[in-house]
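# Coordinates in review
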Amino acid sequence: MKRFRHLVLFVVAAALAFPGTPAYTCSLCASLQDQKTFREDAALSKVILYGTITSSKLAPGGGGESEFTITAKIKTDPLVGDKKVLKLSRYLPTDEKDPPRYLLFADVYKGDLDFFRGTPVKSSEAVDYVKGAAALDPKDRAKALRYYFDFLEHADKEIANDAFLEYAKATDKELGEIAPKLSADKLRGWLKDTKTPDGRLGMYAFLLGACGGDKDADVLRTLLDDPSDRIRVAYDGILGGYIHLKPREGWDLAMKILQDDKKPFAVRFAVVRTLRFYHNWKPEESKEHVLRGERIILGQGDITDMAIEDLRRWQLWDLTPDVLALSGKKGFDAPIVRQAILRYALSCPKTDAAAAAFVAERRKQDPDGVKDAEDALKFLKQK
């Protein structure tokens, strides 16, 4: 039971430290990874329909049904055939003057349509958008991202949300490669527009940094001094864009922020995400700066475990003496830090005598703790 508790604590801690999967999807938008795009749901669908809710009624005991008039069949099945109207076994409000428009996604289960997603949209533009997305070559990510870029901030919020979600699901490397080919004018406009959702500002700022110029660097630097919550949630992307335009000044600013333990956790954690982004995008070019940042983070008790886990996942063993020196040190004795150090030492190359000696000593003093760490590493390999 004790070992099980430790493992549960580790899983929770890891989820907090690594929202999403930064090594494979965008480090700047990790909170969006679990959401499905139209493209992903289209791949799971046997039927995709566009139309309107023309009538609906509530059932006395709750629930109800709706009548869906089909306007376009993006993907169809013999079960739909030439039908123009479908009965849906749920109540969806309607309006005779302006019937709500929907995209419906369905699979076929036991000889019947199984609708698993219904999204309200503004117009038939959604049909062309979904058709275009479904026709993209999944292997040509640059072409796909270029396609979705034209729909970012579309008038139909569902189309805009979906296009942005495709960017959130791109890898850091894919974003870095496509960014210089995008429109700086559009990105600049979206950053200035107060109607742009806060959660998109970081992405737009990074993309602008990769395709903009000196004037954009000044704009991004000004934003980094803005203490508002709107900018704080986008800090990682703004900093990433500024670093791209002004490498020396940007990296120096990142280190200055990390060194200031009086800075809010959210701001320092944003810099951690920026380091992750650059490592995932340009591991060799950014290695010196990433290691400089990770060394600083190792000295900050509230985010130390993040640096240790990053170094272990990336197999960067340059700071092994620094990591092992934290063991038993005052201020770094929290269980989450102790376990992070142990996982790191267990993962070190077998030729590292210091790490091997550390693990051997821990096996004597805390065999259950070592077993917990080994189980946790097995769990991570399965993810």
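One can find the structure itself at the top, above this paragraph.
Residues numbered from 1 in each chain as written. Predicted model: local features only at pLDDT ≥ 70, side-chain atom pairs only at ≥ 80, totals over all residues. Heavy atoms only, no water.

## A look at the packing of aromatic side chains
- For the coordinates displayed, the defined rule picks out 18 aromatic pairs.
- With a centroid separation of 5.4 Å and an interplanar angle of 75°, the aromatic rings of Y147 and Y148 are classed as edge-to-face.
- Both rings, one in W251 and one in Y278, keep their centres 5.3 Å apart while their planes meet at 70°; by these two values the pair is edge-to-face. Of this pair, W251 sits in helix α12 (residues 247-259) while Y278 sits in helix α13 (residues 265-281); the two residues are 27 residues apart in sequence, bridging distant segments of the chain.
- We classify W251 as buried; its relative accessible area is 5%.
- Residue Y278 is classed as buried on the basis of its relative accessible area, which comes to 5%. (Phe/Tyr/Trp six-rings, centres within 6.5 Å; stacked < 30°, edge-to-face > 60°. Helix = DSSP H or I, 4+ residues; strand = E, 2+ residues; numbered from the N terminus. Buried < 20%, exposed > 50% of the residue type's maximum accessible area, 1.4 Å probe, protein only.)

## Structural notes on the pattern of salt bridges
- Here the structure, examined in full by the defined rule, presents 28 salt bridges.
- In this structure, D216 and R188 form a salt bridge, with 2.7 Å as the shortest nitrogen-oxygen distance. On the criterion of sequence distance, the pair formed by D216 in helix α9 (residues 214-224) and R188 in helix α7 (residues 184-192) is long-range, its members being 28 residues apart.
- Among the ionic pairs, D310 bridges to R276, the shortest N-O distance being 3.1 Å. A residue pair is termed long-range when its members are at least 10 positions apart, and D310 in helix α15 (residues 304-314) and R276 in helix α13 qualify at 34 residues. Each member of the pair, D310 as well as R276, carries the same accessibility label: buried. (Salt bridge = Lys/Arg side-chain N within 4 Å of Asp/Glu carboxyl O.)

## As for the sheet that holds strand β5 (residues 112-121)
- Read across the open sheet, the five strands follow the order β3-β2-β1-β4-β5; overall the sheet is antiparallel. Where the open sheet ends on each side, the last strands, each with one partner, are β3 (85-88) and β5. Averaged over neighbouring strand pairs, the angle between their axes works out to 40° when direction is ignored.
- Here strand β1 (residues 47-58) runs beside strand β2 (residues 64-75); their pairing, made up of 10 bridges, is antiparallel. Its bridge partner being in β2, T52 is matched across the sheet by T69.
- Set on the sheet, helix α3 (residues 125-135) makes contact with β1, β2, β4 (101-109) and β5; between it and β2 the angle comes to about 55°. (Pairing = 2+ DSSP bridges. Axes fitted to C-alpha atoms, helices over the stretch in contact; angles between N-to-C directions. Contact = heavy atoms within 4.5 Å.)

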